[in-house]
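Single-letter residue listing:
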Amino acid sequence: MIRIIPTPYLAVEGEGKFALDGTSVYVHANDIRISRAVQVLCSEIGKKCGGFVPFSAGKPQGHYIYVRAGDDALCESYTLEVTPECIMIESGGPAGAYWGIQSLRQLVSDGDVPVCRIYDRPDFRFRGFYQDITRGRVNKLSHLCSIVDMLSYYKINMLQLYVEDAFMFREFCGIITEDEALTPAEMLELDEYCFDHFIDLVPSLSTFGHMYTLLQSDKYKHLCELENFEPKREYWMEKQWHHTIDPYNPESAEVVTSMIEQYIPLFRSKYFNICCDETLDLCHGRNSGKDTGEAFIHHASKLISVLRAHGKTAMLWGDVCMAHADLVKANISPDDVIILNWCYHKVVPDWLGWVFNDMGYRSIFCPGTSSWSRFIENADEGIGNIASFAAHAKKNGVLGILNTNWGDFGHICPFNSNLYGALFGAQKSWNVGADTGADFTRLVSERLYGVTEFDMTETILALCRAESVSTWSHLLTWYNKNFNMGEPEAFIYENEKADADALHAIDVCRTERARLKSLGRDDDVIRDLILSSEGIEILCRIALYLRKADGYSDKSELCGIIDKWLERYSAAWLSDDKPSGLWRIRDFLTRLTNAI
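Summary of the structure given here. Treat the numbers as computed from the prediction; the structure is a model and nothing was measured.

Now for the pattern of salt bridges. Taken as a whole and assessed by the stated rule, the structure comprises 39 salt bridges. For the salt bridge of D191 with R268, the shortest nitrogen-to-oxygen distance reads 3.1 Å. Separated by 77 residues along the polypeptide, D191 in helix α4 (residues 184–196) and R268 in the loop between α7 (250–263) and β11 (271–273) bring together distant segments of the chain. Judged by relative accessible area, which is 41%, R268 ranks as partly exposed. Ionic pairing is found between R374 and E467, a salt bridge with its closest N-O pair at 3.5 Å. Residue R374 is located in the loop between β14 (362–366) and α12 (379–396), and its partner E467 is located in the loop between α15 (456–466) and α16 (472–484); the two are separated by 93 residues in the primary sequence. By relative accessible area, which is 10% here, R374 ends up buried. Through salt bridges that share partners, R3, D110, E446 and R447 make up one connected network.

Below, the structure written as structure tokens:
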């Protein structure tokens, strides 16, 4: 087995190895990004060999590595040939050479490189990752750059950040602060960093639905479809399901256009995701009685025209487009948009794979890590969803995969607790048919988590199943109904779970936490997985307290456990992310424990 993720398209292993000691490195490329990538490779070889490894543009000689890249900007295929005497990476374009270097970096991480010949190329032109920075966590620039490092290492070539209110638009002056949002300077720096790593940073902005913060402000609430709306439920619920902007107020298009035009200059990308999904309030307020399809076209077509005037191609989510297929086909040119076709079921229905093809639109398929509203990704659900959607994507010849990582209800899941779903998406985006069995998961354990003592994917699966007993979203919904809506009811588990299941889940959390602690590491990945396991245990403890289970009736003990955990959880959050929505999580747990 050639130990590379994503699995190469074609790899043949031979006899012998290329020894890293005494290596000379040569590069022939017109793209400075290739030189930067080669420098990283040289540094990693130097660490293995205990010496300095230079590189040059001279004629290869001796015991060497040679990287050669042509000028075809669209070429992502490469060959990687290893003999005992030399290693050759060749591609018709800089992107392909860059991906070849990432493959060699993985082989070098194991030591001397096995003799082999690899021909590799991706199944899809677009291989994306979608990071929510709006619903709780706003990643620091340094953390976003580390995410880019990981994504590019595994050959992801597109990144989108979901933004409703997590950017310092002038419209948010006095409404949000830099503790809650990225600045233009940070976004420009991130775009440069992505470019250096052959990732297209595509702007993504809510421009129709999901505009809660803007439309709840005194300055802009008159643009809300729901007139005189007063929130009653928990903040995360209101933000998740509201607000839609009034498409027929001329000022709405002016405000949204202003935000788009502030955003455009910060990105190299020729694409712009205007979202336009889940316009749930549309024609249920100020425009009651009007046709929702016509209202959607009225606003969306204006935004698409703005982007077209700036030389950009619009992307938008496909749910509303699908609901009004005939109107969309009649009014929106397939040349102007790419439809983002999303579904998060474990098994994606077959018809969803061809629906936009039949409408004549280009599309990208969007599965998800299934980490939202959780402390750890739901790997059972996520890997099924990603694999199913990827198979449909290959069958129907779509443009690519955009693996989504949402943050519903506060984004309680640390990024390190959804790594497997992110990597599984990278594997299926590059090579749909590649095996993801035991050999793959063991390699994931080594490459992604640095763990050889056991298969880390087993820990991820055990914890995700434990979290199915008492969930954050279920507890939040119960609290909201009892203490916000004035509809008291006893706490019951979802999905016919019982106290015995919660007790078992606690045992699982403790067992897996002991395994993690046995590694003797204090790095961020292990730290976050331990915190997630403790968060899952706390949810089960709260459920058992509410159920008056034997041994779990001491409220002061429960509060003490939560307080100590929150202190460490907060410190971990602030090491990677801006303060943003952390206070809301702390506040909710405080209100919950006071109320019960």
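We now examine the nonpolar core. Ranked by size, the top nonpolar core spans 157 residues in total, and within it F296 and Y449 carry the most contacts. Broken down by element, the residue count for this core peaks at 14 residues, all from helix α18 (residues 524–546). If near-sequence neighbours (up to four positions away) are discounted, Y449 is found in contact with E377, L419, Y420, V444, M456, I460, R521, V525 and L529. In this structure, V67, A95, Y98 and I118 belong to the second largest nonpolar core, which totals 34 residues.

Bringing the packing of helix α13 (residues 419–430) against helix α14 (residues 438–449) into the picture now. Two numbers describe how α13 lies on α14: the axes approach to 11 Å, and their chain directions differ by 120 degrees. When you trace α13 past α14, the crossing you get is right-handed. Taking contact as the criterion, the partners of L419, Y420, L423, F424 and Q427 in α13 are, on α14, F440, T441, V444, L448 and Y449.

Summed over all chains, the structure comprises 39 aromatic pairs. Both rings, one in F129 and one in F415, keep their centres 6.0 Å apart while their planes meet at 80 degrees; by these two values the pair is edge-to-face. A residue pair is termed long-range when its members are at least 10 positions apart, and F129 in strand β8 (residues 126–132) and F415 in the loop between β15 (400–405) and α13 qualify at 286 residues. On the accessibility criterion, F129 (1% relative accessible area) is buried. Above the ring of Y9, the side-chain terminus of R121 is found at 3.4 Å from the ring centroid. Above the face of the F454 ring, R515 is positioned so that its terminal group lies 4.2 Å from the ring centre.

Position of Y479 relative to the elements: it lies in helix α16. Put simply, Y479 and Y449 are 30 residues apart on the chain and 36 Å apart in space, counted from C-alpha to C-alpha. Those residues within four positions of Y479 in sequence are excluded, and the remaining contacts are E234, N484, F588, R591, L592 and A595.

With respect to the helices and strands, H243 occurs in the loop between α6 (235–241) and α7. Overall, the relative accessible area of 0% leaves H243 in the buried class. Not counting chain neighbours up to four residues away, the residues in contact with H243 comprise F208, G209, H210, M211, Y212, L215, Q216, C224, F229 and D281.

Right, let's get into the sheet that holds strand β1 (residues 10–18). Spatial strand order, β1-β7-β5-β6-β4-β2-β3: seven strands in an open sheet with mixed pairing. Looking at strand neighbours, the two that pair on one side only are β1 and β3 (55–56), the edges of this open sheet. Here strand β2 (residues 24–28) runs beside strand β4 (residues 64–69); their pairing, made up of five bridges, is parallel. In the sheet register, V25 faces β4, and the bridge partner there is I65. With respect to the sheet, helix α1 (residues 32–49) is in contact with β2, β3 and β4, its orientation differing from that of β2 by roughly 170 degrees.

Conventions used here
- Sequence order as written defines residue numbering, which begins from 1 separately in each chain.
- Totals for whole chains, interfaces and linings use all residues, but because this is a predicted model, local features are given only for residues with pLDDT of at least 70 and pairs of side-chain atoms are given and counted only at 80 or more.
- The side-chain values count all of the structure's non-hydrogen atoms but skip hydrogen atoms and water molecules.
- Salt bridges are defined by distance alone: a side-chain nitrogen of Lys or Arg within 4 Å of a carboxyl oxygen of Asp or Glu.
- Every helix listed is a DSSP run of H or I at least four residues long, and every strand listed is a run of E at least two residues long, numbered separately from the N terminus.
- A 1.4 Å probe rolled over the protein chains alone gives each residue an accessible area, and that area as a share of the maximum for its type sets the label: buried under 20%, exposed over 50%, partly exposed in between.
- Throughout this description, the term nonpolar core refers to a set of buried Ala, Val, Leu, Ile, Met, Phe, Trp, Tyr and Cys residues connected via side-chain atoms within 4.5 Å.
- The contact criterion used throughout is that any non-hydrogen atoms of two residues lie within 4.5 Å.
- Angles run from 0 to 180 degrees between N-to-C directions of axes, and those axes are lines fitted to C-alpha atoms, restricted for helices to the stretch in contact.
- Note: crossing handedness is left-handed where the near helix turns anticlockwise from the far helix by less than a right angle, and right-handed where it turns clockwise.
- In this analysis, rings of Phe, Tyr and Trp, with Trp reduced to its six-membered ring, are considered paired at centre separations within 6.5 Å, and the interplanar angle assigns stacked below 30 degrees, edge-to-face beyond 60, and tilted for intermediate values.
- Two conditions define a charge located above a ring, namely a distance within 6 Å from the ring centre to NZ of Lys or CZ of Arg, and an angle within 35 degrees of the ring normal.
- Each pair of strands is called paired provided DSSP finds at least two bridges between the two strands.

Keep in mind these values describe shape, not function.
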